[in-house]
Each structure stands twice: as structure tokens, then as C-alpha cells.
Amino acid sequence: MENGPTLGVGMVGHAFMGRVHSQAWRNVSAFFDLPVRPVMAALSGLSRERAAAAADSLGWATSESDWRELLKRDDIHIIDICTPGDTHAEIAIAALEAGKHVLCEKPLANSVAEAEAMAEAARDAAPLGIRNMAAFNYRRVPAVAYARSLVAAGRLGEIRHIRAQYLQDWIVDPEHPLVWRLRKDKAGSGALGDIGAHIIDTAQFVSGQSITGVSGLSTTFIPVRPLPDGSGHGEVTVDDAALFLARLDGGAIASFEATRFATGRKNSLRLEINGSLGSLAFDFEAMNELEFHDHTLPGAESGFRRVLVTEADHPYAGAWWPPGHGLGYEHTFTHQIRDFLAAISENRDPAPSFTDGLHVQRVIDAVERSAATESRWTPVAA
Ligand code: SOE
């Protein structure tokens, strides 16, 4: 595919993810110097009226009530999928076949079979210069990207331990309605796929290692909840919390915990890595900071120290404000789109790809199978 100086974008969905992606499409060119500029051509949503209103408020030129219309348009080169997981495979495969670059929200799909079909469609499209990317935005937190560079530079030595947690508390109230994220037919899985997928990707990204096997455990604390339309109650068909142990291909051992029942924790994506030469620790609730312990220093001087990851030479940070002025959740999406557009314009495959998203899906699937068989050790295909 030939890329001009502008690339038209069509976004599918306009709820939480659609809103956060929209602000990233709106501001990426103002902060990053890229050879291509995105044009917010159209947004699609199921209701014509709500899609039109969302397009208006979020800065999209036009709106459609059927995503298929986006694929027919010559002024649209990129499809950005911000819908629940049950629609990802159909939209992504059709978009790739229509010759559009695709950015798709996580988890990539609701099953391994769907994710495999998406990765295959992406592989078929790649020789034509059509790119694909799975939206694991936490890789693009400056502190997380910096942590990755410390590991890659050998500053942690040999990685032994990975401790990853994603802690939220938004459904502790039993009266919280049975929203789509609590339904297997819409979301595929619960905390495991929604937020566990993020820590799987982030831990593998920072450590540079890949999960090869797991032993999992999951539970649903509140199995019945009020239906959102007030018409009664319905069954929660996904996990409320999932934990698993894992081995990685570089020799590290890891523990993962994803829960929406950690009272007081709002969006606490935490990662601690211990290596032979040092350790690092991160918590998204203090997202501009990275804790780093250099174990090569004399004992009297060593200990975790806080690095404020806002210097111009930290990843992404130089594009924004002077040191110490801090970034937020939304910036990670601008960085994601920056990296996606850079890869498209340089004719290379962006990361993480649909193939990376497929591997995360395989880990999720293995955890579910393990949890269903009394935590039996379950290998994960590469
Ligand atoms: C809800 O749990 C949610 O919005 C996730 O779907 C996002 O991926 C995560 O970034 C924040 O929490």
C-alpha cells in the first residue's frame, strides 16, 4: 500500500476506548513529528444518532451506523477497533482484506481460534504493506518503556522473578449492573482477559521473555447481578479474579494476579522484576515513577530509588512538558498511535502485532483450562 502525507482513519465504537483513542488521534501530530498525519475521517456506532453526536464531540468529520461502510471508503486507510471483544475478529479480518491498516483493542479476541484467524489475516496482508497492531497501551507508559530499556541493557542481569498484578475495585458493589465486561459472550473472559491481558503483555515486554506454561486459579465472587436495563437479574459468566503462576522461556518464574475486587485499588497495574544485578518496580497509580535498585552498588548505598521518568531523554517524555510535569493515562494512547503511524510510514510491522496478541490469548486460554482442572500445569504454545 502507498502511504500519502495523510492517512484517513475510521474508528469503530465510541465508548470509553473510542473516547481515549479519539483524543490520541486528535493530538498526536501536535506533539510528535511524523511523516504522516492522521485525518479523523469517520466514526461508526450502532445508533446513527449517538454516532453522529459522538463524532461531533470527539472531532470526527463524519459518522456511519455500520462499520462496513468505513471499509468501502477510499479516504479511509486505517481502521481503529474500539468495540467489545466479540466483534474484533469479524471487523479486523474484513478490514485487512479490504486493504486497511488495523489497530485493535485488547484482548485481541474472545478465543484462541478467533485470534488465530486474525493473525493469519494479518500475515496474508503484510506482504501488501498492510499493518496490524494490538492495543496494549501500557507498553507506552514512559516508565514502562524505560524499564524495558534497563532490562535490555543488562542493568538487571539475569531475570529471576516477575511479580505482576492488575488491581481494580469497580465491581465490589453487588448492585453494580451486569455490564458487557461481565458477560462471556461479549468479553470472552472477565478480569483475566480485560486486565490480566495487560499484565501478561507488560511483563513479557519488560522482561523480554515469553510465558511457556501456567498454573491458574479463578473465581466469581458475585455470580448474579442486576441487568443494566432494570428488567431483573442475570448471571455473571466470567471470572471476577484470576491468579496464575508461570514459567518464562528465559528462565524466570512469575506470579500474576488480576482482580476487580481489590478494594481501594483503582487502576493499580504493578510490576516488580528481580534480577541478579538489580530490581525494578512500577505501579500505574504512580505512573511517572519507576523504582530501581542497583545491586552492584555497595550495600551501604544500595536500595530502591525513585526515578521520575519525565526527563527529555526518557521514552516519549521529551515530546511533552518540562521535567517533573507528569503525564497521564491518555498519553499512553497518543504514544501508541505515534508508534503505529511511525511503523506504517517506515513500511515495517508495528509491535505488538496480532501475533503477539495471539500469544497473550493462548496464555489466557491456558490459565482458564488450568483453573478448570484444579490448577493443573498447562503448557502455552509459542
Ligand atoms: C476496565 O477494567 C478497563 O477500562 C480496561 O478495559 C482497560 O483496558 C484498562 O486500561 C483500564 O480498565
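Within any chain, residue numbers begin from 1 and follow the written order of that chain's sequence. Only residues with pLDDT of 70 or above have their local features reported here, since the model is predicted, and side-chain atom pairs are shown and tallied only from 80 upward, although totals for entire chains, interfaces and linings are computed over all residues. Heavy atoms throughout the structure, all of them, feed into the side-chain values; hydrogens and water do not.

### Considering the side chain of H335
Heads up, the rule is: Here a helix means four or more residues in a row that DSSP labels H or I, a strand means two or more in a row labelled E, and each is numbered from the N terminus. For every residue, the accessible area obtained with a 1.4 Å probe (protein chains only) is divided by the maximum for its type, and the residue is called buried under 20%, exposed over 50%, and partly exposed between those limits. Contacts were defined at the residue level, with two residues in contact if any of their heavy atoms lie within 4.5 Å.
Mapping H335 onto the fold places it in helix α9 (residues 329–345). By relative accessible area, H335 is classed as buried at 0%. Discounting residues that sit within four places of it in the chain, H335 has contacts with F32, R140, P142, Y316, W320 and L327.

### Comments concerning the domain arrangement of the chain
Accessible area lost during the coming together of the parts is what is often quoted as the interface size. For clarity, the cut-off: A domain assignment, automatic or from a database, supplies the domain bounds used here. Put simply, buried area is how much 1.4 Å-probe accessible surface two parts lose in total, over both of them, once they are put together. By definition here, a salt bridge exists when the distance from a side-chain nitrogen of Lys or Arg to a carboxyl oxygen of Asp or Glu is within 4 Å.
Examined at the domain level, the chain breaks down into domain 1 (6–137) and domain 2 (140–351 + 359–371). Its C-alpha centre places domain 1 at a distance of 23 Å from the equivalent point of domain 2. The partner domain 2 presents 42 residues to the 40 residues of domain 1 that form the contact. With both chains or domains summed, domain 1 and domain 2 bury close to 3700 Å², and 68% of this area falls on carbon and sulfur atoms. Of all residues in domain 1, the largest losses of buried area upon contact with domain 2 belong to R131, F136 and N137, amounting jointly to 22% of the total for that side. Linking domain 1 with domain 2 are four salt bridges.

### With respect to the site of the ligand
Here is the rule we go by: Near is defined per residue: the residue qualifies when any heavy atom it owns lies within 4 Å of the molecule or strand. Here a polar contact is recorded for every N or O atom pair within 3.5 Å, except that within protein the pair must consist of a potential hydrogen donor and a potential acceptor, and residues adjacent in sequence are included only if both atoms are side-chain atoms. A 1.4 Å probe and the Shrake-Rupley method give the accessible areas. Residues count as covered only by the protein chains that appear here.
Looking at the ligand, the residues that line it are F16, K106, Y138, Y166, Q168, W170, R181, D194, I195, H198, N267 and Y329. Within the side chain of Q168, an N or O atom sits 2.9 Å from an oxygen atom of the ligand. In this structure, an oxygen atom belonging to the ligand sits 3.4 Å away from a side-chain N or O atom of Y329. Contact with the protein chains hides 93% of the accessible area of the ligand, taken as 300 Å² for the molecule alone.

### Digging into the sheet that holds strand β15 (residues 289–294)
Hydrogen bonding along the main chain pairs the strands of a sheet, whether they run parallel or antiparallel. How we decide: Between any two strands, at least two bridges found by DSSP are needed for them to pair. Angles here are taken between N-to-C directions and fall from 0 to 180 degrees, while the axes themselves are lines fitted to C-alpha atoms, restricted in helices to the stretch in contact.
The strand order across the open sheet built from nine strands is β16-β15-β14-β13-β7-β12-β11-β8-β17, with neighbouring strands paired in mixed fashion. Strands at the two margins of the open sheet, each flanked by one partner only, are β16 (305–308) and β17 (378–379). Direction of pairing for strand β13 (residues 268–275) relative to strand β14 (residues 278–283): antiparallel, over a ladder of five bridges. Opposite L271, over in β14, you have F282 as the bridge partner. Together, β8 (211–219), β11 (241–248) and β17 form the strand contacts of helix α10 (residues 354–371), whose direction differs from that of β8 by roughly 50°.

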